[in-house]
Each structure stands twice: as C-alpha cells, then as structure tokens.
Amino acid sequence: MGVGKSTVGALVAERLGCAYRDTDDDIVAAQGRTIADIFVDEGESAFRAIEKRAVREALAAHDGVLALGGGSILDADTRTLLAGHQVVYLSMDVEEAVQRTGLNAARPLLAVNPRRQWRELMEARRPLYTEVARAVVATDGRTPDEVARAVLDAVELKEA
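The paragraphs below set out a description of the structure included in this document. (Residues numbered from 1 in each chain as written. Predicted model: local features only at pLDDT ≥ 70, side-chain atom pairs only at ≥ 80, totals over all residues. Heavy atoms only, no water.)

Glancing now at the packing of aromatic side chains. Each aromatic ring pair is specified by the distance between its two centres and by the angle formed by the two planes. A complete count under the given rule lists two aromatic pairs for this structure. Centre to centre, the rings of Phe 39 and Phe 47 are 4.9 Å apart; their planes meet at 35°, and the pair counts as tilted. Judged by its relative accessible area of 13%, Phe 39 falls in the buried class. Note on Phe 47: relative accessible area 2%, which makes it buried. Summarising the aromatic geometry, the rings of Tyr 89 and Tyr 129 are spaced 4.7 Å apart at their centres and angled 35° between planes, so their arrangement reads as tilted. Taken together, the residues Tyr 89 in strand 3 (residues 88–91) and Tyr 129 in helix 7 (residues 114–132) connect sequence positions 40 residues apart. With respect to burial, Tyr 89 and Tyr 129 carry one shared label: buried. (Phe/Tyr/Trp six-rings, centres within 6.5 Å; stacked < 30°, edge-to-face > 60°. Buried < 20%, exposed > 50% of the residue type's maximum accessible area, 1.4 Å probe, protein only. Helix = DSSP H or I, 4+ residues; strand = E, 2+ residues; numbered from the N terminus.)

See below:
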C-alpha cells in the first residue's frame, strides 16, 4: 500500500515500450465503485474473490507490466499463476508508508491503529511477496524514476 506500484509500473512499461495495467483499476472499472466501497459493502472475502478473478483475467490477457493489489498474493492460486512471471516486490518500511500515504482511512485494512495494522499486514504478507518475487526493490528514499531503474536492473532488462 502506497509503495508506488502504479507510478513505477507505468514508468517501467514506458521504458520497455509495452502496455501498463493495474488490477485495482480493473476492479474499480468493472465494479463501478471504489475498492474501499467494496470492502464496506461486501467485506474483505468478497473483495478477494473479485480480486482473484481480476488477476487471473489480467495475467491471461495482458503481456506488459501488470501491477497487483497488495493483498492479491494472499491467494495460493494467484501465487501459483505468478510463478511463471517476472514478479518484483516493491518494499518499504512503515515510516516511509506514513510519509507517503499518511496511512489514512481510505485504505480499508488500515482504518484502526494504522501503524500497527500496517506492520501486521506486512509481517503476514512479506513471506508471500518474497515467495513469488524474482527480485525485491526497496523504495525507501527513492524517486519513482530511481525505483523504475532499479526494477529494470533487478530483472536484467535494458531500458528501451
């Protein structure tokens, strides 16, 4: 959350000369409402089912840079689908997250005690991120351009 996946993903796609897609955007477009609204109206399990379908469809139809929502890796089937792809985990620490997002209530999983919840989410998710990732790129203190260059270097791709 707030790691810069959308900005960095678009920059990487531009440098590679390919298309960029974000499954969070796909979900919002298909559902006609925000992710926060889906969480409130239907709950996390319903959202995760929608997210799983969106990721599966995007992986099947898109061959450019694809950004996934932070919780998409919670699903074992999704992790299996990611195994054949060049996955990059963009990491940051809680202090950077506070600076970037303020850990505000627009992020439904961080509505109460956001610092503690962010840490708990990351402790649970970090092993899953590293399980599927071919590379880990720290974003702390870096500009989006610097992160994009690090992503390209990490997956041994040259800028277009």
